[in-house]
Amino acid sequence: MYARLNSAQPYAIALFRVVVGLLFAVHGAASLFGVLGGAAGTNGGTIPSGTWPGWYAAVIQLAAGALVFVGLGTRGAALIASGSMAYAYFDVHQQAALWPIQNGGELSVLFCWAFFLLVFTGSGAFGLDRLFGGGAAATGERAPTAA
């Protein structure tokens, strides 16, 4: 059973990457363009251009989310996304309370750790990293060794 699970691992990572990247990109698109309900707390509006930190966070969400979604530059984009969510949690949410359940920071924490995991796993199967990034090295897989 473990052998089957291990052989499916690159596909599970790819599915995880696609879902997390899409959700992150859509969150940024909602904040920047007012789609899908718009930015939180704006009744369908957008974040004013250039405002710190919200607008810059939304740009990171859209760009990094799209890159992770397609699996291009996954590790770098995931590192930037993870850092932005750590910043969001500690600078915005933790001022209200210590625990994420109390301060509304659950989504920031989950995105932070999901992207942090992708920094170490790479894009998995079907990522564009495989086409442009050098194959196994870009996706986090071990290259075959001579016996």
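Data block above holds the structure.
Model, not experiment: these values are computed from the prediction. (Residues numbered from 1 in each chain as written. Predicted model: local features only at pLDDT ≥ 70, side-chain atom pairs only at ≥ 80, totals over all residues. Heavy atoms only, no water.)

1. Some points on helix H5 (residues 106-121)
Given 3.6 residues per helical turn, the α-helix brings residues three or four places apart onto the same face. Across its 16 residues, H5 extends 23 Å between first and last C-alpha, which sits within 8% of the 22 Å expected from 1.5 Å per residue. Within the span of H5, buried status applies to Ser108, Phe111, Cys112, Ala114, Phe115, Leu118 and Val119. In this structure, the buried residues of H5 make contact with helix H1 (2-33), helix H2 (54-70) and helix H3 (74-93). (Helix = DSSP H or I, 4+ residues; strand = E, 2+ residues; numbered from the N terminus. Expected span 1.5 Å × (residues − 1). Buried < 20%, exposed > 50% of the residue type's maximum accessible area, 1.4 Å probe, protein only. Contact = heavy atoms within 4.5 Å.)

2. Examining the packing of H1 against H5
At a minimum axis separation of 11 Å, H1 and H5 run at an interaxial angle of 135°. Of the possible angle classes, the one that applies to H1 and H5 is oblique. Where H1 crosses over H5, the two elements pack in a sense that is left-handed. For the pair formed by H1 and H5, the contact residues are Ile13, Phe16, Arg17, Val20, Leu23, Phe24 and His27 on the first element and Leu107, Phe111, Ala114, Phe115, Leu117, Leu118 and Thr121 on the second. Class assignment of the residues belonging to the contact of H1 with H5 gives a composition of 11 nonpolar, 2 polar and 1 charged. (Axes fitted to C-alpha atoms, helices over the stretch in contact; angles between N-to-C directions. Parallel < 35°, antiparallel > 145°, perpendicular 65-115°, else oblique. Left-handed = near helix turned anticlockwise from the far one by under 90°. Nonpolar A, V, L, I, M, F, W, Y, C, P; charged D, E, K, R; others polar.)

3. Describing the nonpolar core
Ranked by internal contacts, the top residues of the largest apolar core, which has 16 residues, are Phe24, Val68, Ala78, Met85, Phe111, Phe115 and Leu118. Broken down by secondary-structure element, the contributors of at least two residues to this core are H1, H2, H3 and H5. Setting aside anything within four residues of it in sequence, one finds Phe115 in contact with Val20, Phe24, Val68, Ala78, Ala81 and Ser82. (Core = buried A, V, L, I, M, F, W, Y, C linked by side-chain atoms within 4.5 Å.)

By themselves, these observations are geometric and do not establish any function.
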